[in-house]
Amino acid sequence: MTTQHSELPAQPLTRLSEDEQLFRDSVYEFADREIRPLVREMDEQAKIPKALIDKLFDLGVMGIEVPDSFGGGGASFFHSVLAVEALSRVDPSIGVLVDVQNTLVINALVRWGNEDVRKRYLPKMAADTIGAYALSEAGSGSDAFAMTTRAAERDGEWALTGRKLWITNANEANLFIVFANVSPEAGYRGITAFLVERGFSGFTVGKKEDKLGIRASSTCELLFDDCRVPRANVLGEVGKGYKVAIETLNEGRIGIGAQMIGLAQGALHHAMAYTRERKQFGKAIAEFQAVQHQIARAATELEAARLLVYNAARLRDSRQPFLTEAAMCKIFSSEVAERVASLAVNLFGGYGFVKDYPVEKLYRDAKIGQIYEGTSNLQLQTIAKQLLG
Ligand SMILES: Cc1cc2nc3c(=O)[nH]c(=O)nc-3n(C[C@H](O)[C@H](O)[C@H](O)COP(=O)(O)OP(=O)(O)OC[C@H]3O[C@@H](n4cnc5c(N)ncnc54)[C@H](O)[C@@H]3O)c2cc1C
C-alpha cells in the first residue's frame, strides 16, 4: 500500500532553515571575532564594556523578536535561542545578557504590553535600551510569590516600596520589569508587573554581587523607596502579574537551556582541540581510547541536550504546550554543561585549573544553570506535577 504525503516531510529536529543557519553562523562569527579576545578581561573585571554592548545592538541580537515595524528583527523565539547558544559558546555572560533582554523582557513586552507600552518601549529595546527582570527577593526565590515588595496607589500613580535581589543586567539596564504586590491580602492575585525606568524617583540600583561564574554579567540589588510609577506603566493587568511571571519564566528557561548547550559546546570544542595537540607517552592524548570515549560521551550528551532545547523552542513557536519540555531542557542541559565543562578541565590537566586557559571559567559559569530561572529541584517539581498531577 502506498501512502500519499500531502504535507511536507517531517524535519529533523536539529535541521535549521537557511535563514536560521545564516543567523546562527553570523552571531557565532561575531562572538569569535569581537567577544573572544575580551572574555578573560571581562571575567576579571566583572564588567561588559559599553562598546561591546553597542556592537550587540548593531548586530541586531538585542531586539530579535521586536517586530520590524518597531525597528527590531521581527524574528522568532527560536532565533533568540540560536543567538544565546552561539554567544554562550564563547562567553555565557554575554549569552545571559542577550537571553534576559530577549526571552524575558522583550518577550513580556510583546506578549503583555498594550499598544501604548509597545510603542513606547519596543523601539528603544531594539535600538539602545537594556532590560532587566526583577522578581526575586532576599526572602523569596523559589517561593517567588511570597515577595514583600509592595505597590500602593498614591496621587494618581503607583508607589513601589521594597527590595529585589539578584537582578541580571541591573548595572546596564534602563528598563526594569518589577513585580510587586498591590494587595497582599489577595495573595498571589495581588502581584502586578510594573515597568520602571532607571531615572524614576525613589528607585536605585544597589550592590553588585561578586560571583563564582558569569562574572561579567551584572547581578544587583534594586531598592524602591516610594518609587513613583505612572499608571500607564503597569504591564498587563493589575493583579495579573503572577501570570506574566509564570509564563515568561516558562519560556525564559528554554533560553537558559540554550545558554547551557552553548557553554557545553564551547567546552567540548576546547577539549577536542587540546587533546589533539597535547602529547603524553609519545602521542596525542586524543589517541588514548579512554579519552576518545570521554569525548564521545560528552558529545552524545550535548546532542541530547540540544534536541531537548530546540524541541522546546520549536513547540513554543508553534504554539503547542511546552511546559514540561522547557523544564526538562533546562535541568538536563545545565547538568550536561556542568559535566562537559568538568571533563574539559580534567582533559586539560593542570592547565585546566588555571586562568590562562578558557575551561576553568566555563566550569565556573556552568553552575548557574542549575540555579536561576527556577532551581533544578523546582524544574523536577514542574515535570512531576505534569506527569503525576
Ligand atoms: C547570578 C544570578 C542571576 C539571577 N538573575 C535573576 C534575575 O534577573 N531576576 C530574578 O528575579 N532573579 C534572578 N536570580 C534569582 C534566582 O532566580 C534565584 O536565586 C533562584 O530562583 C533560587 O532562589 P533562592 O536563591 O532564593 O534559593 P531558595 O529558593 O532558597 O532555594 C534554596 C535551595 O532549596 C531548594 N528548594 C526550595 N524550595 C524547594 C521545594 N519546594 N522543593 C525542593 N527543593 C526546594 C532549591 O532547589 C535550592 O536548592 C538570579 C540569581 C543568580 C545567582
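Residues numbered from 1 in each chain as written. Predicted model: local features only at pLDDT ≥ 70, side-chain atom pairs only at ≥ 80, totals over all residues. Heavy atoms only, no water.

J.: Sorry, what's going on with helix α6 (residues 115-127) here?
T.: Taking 1.5 Å per residue, 13 residues should reach 18 Å; α6 reaches 18 Å between its end C-alpha atoms and fits that length. The sharpest bend along α6 reaches about 30° and sits at Y121, with the proline P123 one to four residues further on. Every buried residue of α6 is accounted for by V117, Y121, L122, M125 and A126. In this structure, the buried side of α6 is in contact with α3 (50-59), α5 (92-112), β1 (131-134), β4 (175-181), β5 (191-197) and β8 (234-235). (Helix = DSSP H or I, 4+ residues; strand = E, 2+ residues; numbered from the N terminus. Expected span 1.5 Å × (residues − 1). Bend = angle between axes of the 7 residues up to and from the residue. Buried < 20%, exposed > 50% of the residue type's maximum accessible area, 1.4 Å probe, protein only. Contact = heavy atoms within 4.5 Å.)

J.: Hey, could you run me through the site of the ligand in this one?
T.: With respect to spatial proximity, 19 residues lie near the ligand, and among them S136, S142, W166, T168 and T375 are the closest. The backbone of L135 places a nitrogen or oxygen atom 2.9 Å from an oxygen atom of the ligand. N377 places a polar side-chain atom, nitrogen or oxygen, 3.0 Å from a nitrogen atom of the ligand. Computed on the free molecule, the ligand has an accessible area of 970 Å², of which 65% lies beneath the protein chains in the complex. Broken down by secondary-structure element, the contributors of at least two residues to the shell around the ligand are β1, β3 (157-168) and α11 (376-388). In terms of residue class, the shell around the ligand is made up of nine nonpolar, eight polar and two charged. (Near = heavy atom within 4 Å. Polar contact = N/O pair within 3.5 Å; in protein donor to acceptor, adjacent residues only side chain to side chain. Areas by Shrake-Rupley, 256 points an atom, 1.4 Å probe, with all protein chains shown as cover. Nonpolar A, V, L, I, M, F, W, Y, C, P; charged D, E, K, R; others polar.)

J.: How should the environment of R111 be read in this particular structure?
T.: Of note, R111 is situated in helix α5. In this structure, the C-alpha to C-alpha distance between R111 and L343, residues 232 residues apart in sequence, is 40 Å. If we ignore the near neighbours within four places in the chain, the residues touching R111 are E247 and E251.

J.: When you look at α11 in this model, what are you seeing that I'm missing?
T.: An α-helical segment advances 3.6 residues per turn. Residues three or four places apart therefore align on the same side. The end-to-end C-alpha separation of α11 is 18 Å, in line with the 18 Å expected for 13 residues at 1.5 Å each. In the core, the buried residues of α11 are packed alongside α7 (241-277) and α9 (323-347). Immediately beyond the C-terminal end of α11, within one or two residues, lies G389, with a positive phi of roughly 80°.

J.: Would you take a moment to explain unusual backbone geometry for this structure?
T.: Phi is mostly negative for residues that are not glycine, and the peptide bonds are mostly trans. Here the phi dihedral of W166 falls at roughly 70°; this positive angle occurs in a residue that is not glycine. Topologically, W166 is positioned in strand β3.

J.: What exactly am I supposed to notice about the packing of aromatic side chains here?
T.: When we look at a pair of aromatic rings, we describe it by the centre distance and by the angle of the planes. Scanning all chains against the criterion turns up 11 aromatic pairs. Both rings, one in F176 and one in F203, keep their centres 4.9 Å apart while their planes meet at 75°; by these two values the pair is edge-to-face. One end of the pair, F176, is in strand β4; the other, F203, is in strand β6 (residues 203-208), with 27 residues separating them in the sequence. An aromatic cluster is defined as three or more aromatic residues linked by ring pairs; in this entry it consists of Y274, F348, Y351 and Y357. (Phe/Tyr/Trp six-rings, centres within 6.5 Å; stacked < 30°, edge-to-face > 60°.)

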